[in-house]
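# Examining the three-dimensional arrangement
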Amino acid sequence: MKPITIAIASGKGGTGKTLVATNLAVFVARTGVRMTLADCDVEAPNDHLFFDVHPDVSVVEVPIPEVLAGTCPEGCTVCRDTCRFGAIRMLGGGPVVFPDLCHSCGACVDVCPAGMLGERQVRVGQTGAGVVQDGLGLVMGQLDVGQMKAPTVIGATRERAGTEGADVVILDAPPGVACSAVATLHGVDFLVLVTEPTSFGLHDLVLMVELGRELKLPMAVVLNRVGTGVVDVAGYCQSEGVPIIARFPFDREVAACYADGGLLVDGHRLGHQWFSDLWESLREQLASIGSGVPA
Amino acid sequence: MASGKGGTGKTTLSAVLVRLVARRRRVVIADCDVEASNLPVALRANVVTRSSFAGNPRAVVDEDFCEGCGDCLDRCRFGALSLSDKGFAVIDPWMCESCGACAQACRVDAISFVPHRAGEILVGKGPTGPIVFGRLRPGEDLSGKLVTSVRERAEGIANERGTDLIVIDGPPGIGCPAIASITGANGVLAVTEPTLSGEHDLRRLVGLAHQLQVPVKVVLNKADLSATGAGRIRAACQELELELVGEVAFDADLPPALEAVAQGEAPPSSLDALTVVRSFQKIWSRLEPWVDG
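Residues numbered from 1 in each chain as written. Chains lettered and ligands numbered in written order. Predicted model: local features only at pLDDT ≥ 70, side-chain atom pairs only at ≥ 80, totals over all residues.

## Considering the overall build of chain A
Across its full length, chain A holds ten helices and eleven strands. The principal-axis extents of the C-alpha atoms in chain A amount to approximately 75 × 40 × 40 Å. Residue burial in chain A is summarised as follows: out of 295 residues, 53% are buried. Restricting to contacts in chain A with at least 6 residues of sequence separation, those with at least 24 account for 75%. (Helix = DSSP H or I, 4+ residues; strand = E, 2+ residues; numbered from the N terminus. Buried ≥ 20, exposed ≤ 12 C-beta atoms within 10 Å, placed from the backbone. Contact = placed C-beta atoms within 7 Å.)

## Thoughts on the nonpolar core
One recurring pattern in soluble globular proteins is that nonpolar side chains are buried together. Counting 156 residues, the largest nonpolar core has A7(A), I8(A), A25(A), M35(A), I170(A), V150(B) and A190(B) as the members making the most contacts within it. Take this core: its biggest share by element is nine residues, from helix α1 (residues 17-30) of chain A. Setting aside its immediate chain neighbours within four residues, I8(A) contacts K17(A), V20(A), A21(A), I170(A), L171(A), D172(A), A173(A), V192(A) and V194(A). I88(A), C102(A), C105(A) and A59(B) belong to the second-largest nonpolar core, a separate cluster that totals 25 residues. (Core = buried A, V, L, I, M, F, W, Y, C linked by C-beta atoms within 7 Å.)

## Side note on the domain arrangement of chain A
When its domains are assigned, chain A resolves into domain 1 (4-60 + 127-288) and domain 2 (69-115). Taking only C-alpha atoms into account, the centre of domain 1 of chain A sits 41 Å from that of domain 2 of chain A. (Domains from an automatic or database assignment.)

## Some words on the interface of chain A and chain B
Across the boundary between the two partners, chain A contributes 52 residues, which contact 50 residues of chain B. Counting residues per element, the ones that place at least two in the side of chain A that touches chain B are α3 (107-111), α5 (179-185), α6 (199-214) and α8 (252-259) of chain A. A per-element tally of the side of chain A that touches chain B places α6(A) first, with eight residues.

## Focus: the domain arrangement of chain B
For chain B, the assigned domains are domain 1 (10-54 + 127-292) and domain 2 (58-115). Of note, the centres of domain 1 of chain B and domain 2 of chain B, computed from C-alpha atoms alone, are 42 Å apart.

## A look at the environment of G231(B)
All names here are of chain B. Positionally, G231 belongs in helix α8 (residues 227-239). On the neighbour-count criterion, G231 (11 C-beta atoms within 10 Å) is exposed. When the C-alpha positions of G231 and D109 are compared, they lie 63 Å apart, and in sequence the two are 122 residues distant.

## Description of helix α9 (residues 254-262) of chain B
Because an α-helix completes one turn every 3.6 residues, residues spaced three or four positions apart along the sequence face the same direction. Counted residue by residue, α9(B) has seven buried out of nine residues, so it is predominantly covered. Turning to α9(B), its buried residues are L254(B), P255(B), A257(B), L258(B), E259(B), V261(B) and A262(B). Where α9(B) is buried, its residues contact α6 of chain A together with α1 (10-22), α2 (39-43) and α10 (276-292) of chain B. Note on α9(B): the residue one or two positions beyond its end, G264(B), has a positive phi of about 80 degrees.

## Some words on the sheet that holds strand β11 (residues 216-220) of chain B
Residues and elements named next belong to chain B. Across the sheet, three strands lie side by side as β10-β11-β12; this open sheet has parallel pairing. A strand with exactly one partner marks an edge of an open sheet, and here the two such strands are β10 (188-192) and β12 (243-247). Between one strand axis and the next, the sheet turns by 30 degrees as a mean value, whatever way the strands run. Two elements, β11 and β12, share four bridges in a ladder whose sense is parallel. Looking at β12, one finds that L220 is bridged to E247. Here α8 sits on the sheet in contact with β10, β11 and β12, set at roughly 170 degrees to β11. (Pairing = 2+ DSSP bridges. Axes fitted to C-alpha atoms, helices over the stretch in contact; angles between N-to-C directions.)

## Some remarks on unusual backbone geometry
A positive phi angle, close to 55 degrees, is found at R225(A), a residue other than glycine. Within the fold, R225(A) resides in strand β10 (residues 219-226). Taking the number of C-beta atoms within 10 Å as the measure of exposure, R225(A) has 24 and is therefore buried. With phi around 55 degrees, D109(B) is a residue other than glycine that occupies positive phi space. Within the secondary structure, D109(B) is located in the loop between α4 (101-105) and β6 (111-114). According to the C-beta neighbour criterion, D109(B) is exposed, with 9 such atoms within 10 Å.

## Quick notes on the pairing of β11(B)
Residues and elements named next belong to chain B. Buried residues dominate β11, accounting for four of its five residues. As paired strands, β10 and β11 are joined by five bridges and run parallel to one another. The partner of T192 across the bridge, within β11, is L220. As for the winding sense of the linkage, the β-α-β connection from β10 through helix α7 (residues 196-211) to β11 is right-handed. This β-α-β element, β11 to α8 to β12, shows right-handed connectivity. (Right-handed = clockwise from strand over helix to strand, strands pointing away.)

## Notes on the packing of α7(B) against α8(B)
Packed helix pairs are characterised by how far apart their axes lie and by the angle those axes make with each other. All names here are of chain B. As a packed pair, α7 and α8 sit with axes 9 Å apart at the nearest point and diverge in direction by 15 degrees. Comparing their axes, α8 and α7 come out roughly parallel. Here the hand of the crossing between α7 and α8 comes out right-handed. Within the contact between the two elements, α7 uses G198, E199, L202 and R203 and α8 uses R232, I233 and A236. Looking at side-chain class alone, the contact of α7 with α8 contains three nonpolar, one polar and three charged residues. (Parallel < 35°, antiparallel > 145°, perpendicular 65-115°, else oblique. Left-handed = near helix turned anticlockwise from the far one by under 90°. Nonpolar A, V, L, I, M, F, W, Y, C, P; charged D, E, K, R; others polar.)

## Thoughts on the sheet that holds strand β6 (residues 117-133) of chain A
Residue and element names in this part refer to chain A. Pairing is mixed across the open sheet formed by nine strands, whose spatial order is β3-β6-β7-β2-β8-β1-β9-β10-β11. Strands at the two margins of the open sheet, each flanked by one partner only, are β3 (56-67) and β11 (244-249). Here the average twist between neighbouring strands, direction ignored, is 20 degrees. Pairing of strand β2 (residues 35-39) with strand β8 (residues 168-172), which is carried by five bridges, proceeds in the parallel orientation. Residue pairing across strands places L37 opposite I170, the latter belonging to β8.

Below, the structure is given as structure tokens:
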């Protein structure tokens, strides 16, 4: 059966996505739901720091065109003219490929009249999958340093997370609202937006809600660090019809617990209750859109 | 200003730092977090000019011509094409990379590409002078390209005015927009926090900066939130041979003070009274020779 996929996202960085995703995953797994947590923040993946896992690693590669031995027809520039990304230039009578600009679409290879272009696989990152505890798996994606193709690694991470046999998959999304966010959020069942009551938090939440609407996703907000600001996030959420399903206070003990790689559900006196309440609210939301969650 | 991890305080630090700097010299700001542009909010910048930023042209199927043969489906590597119930090719714009392979495959030229706008480049006036920033429409790609456009605009303004300092407030992460923000900069000030995540992402950022041959210095923000965490960051800096130019304690008065400025309820000068500003003064005194070197 296809798992229910919930993405934890935010426009602004550092609002508490990882905090919510890791603790929620652990809490829900303890209720007996088979759970996979997938870290899709492939530029700065941090979920694994909270667990003792030994992931089974597999490489993520993309096909990049390479020039085969032989001679190009005199004056031919078809491959360069076909590439819409400027990834091919003609130098010394033949094509030169710029891998950083290439989107791996294969158009140049298909169009070459002389069969001069082949493809080689180039590594851009890796995924890892491991068992955290009975009923909780962690899948993580990691972009190689210096590589640009985060969405490709995110796609591979989601694909791997979908094959783990879980009832529920939680995706820890990257910050931002561009291609990496789309690669993570496209086609998920539910979107949880983590924000904070500051001007920054609200500014970026508005962009995120806009993206959620464009992707036609049901969504709800977790308001984190209540007390650090006085901006009326609740008023905005009400006007947009997006429910706030949890409020976590700003608390130095939370910050200290997180800083050392601890989980609130174990290391904070209120952690268990917070995530129990959040899961209850989330289940109601899922039920209201017709996504039943196993008991 | 960069950080692998989001929310370490890049924008807050930038806002306080540029205020200090702007008292003594001219500065142009480029907010290169085009997906969540917050520095103009913090500085309450007034937009002076805006220009359109073009996205990749969008692929469109003309149903008057499409014969539903499915050749384009086979050629698309991104799974963006399918056949509708009526038997026409349908393009999922969220999956499409605008590569044109489908149009090439089409025997009846039913797929064409139309220009579209992906965002805008804005120039604002703030209390410290010009601030250039970008707004990418949610869901668009090309954030790296928009970052480059923002930087080019900021460089143009700096040249016009004879300004020799540009402060870039970078995006989180180490991918395409971060690479676009750091490439060719004279230095990176890496803003980190005393968490395991902060340290992990700092190491990745430093790896990227080294690849791009840009020197790095580090500032540890919210240093007092974890003593063990702060110790790990100091040890990491030693190990990586990076200068830790300063530590900034978490100041509960700073967020509300910044907020009041952002809301227009207090003048930007009200920030100068905060004790945390003293740490920033020290940081700048260690950065200035580096910047001028």
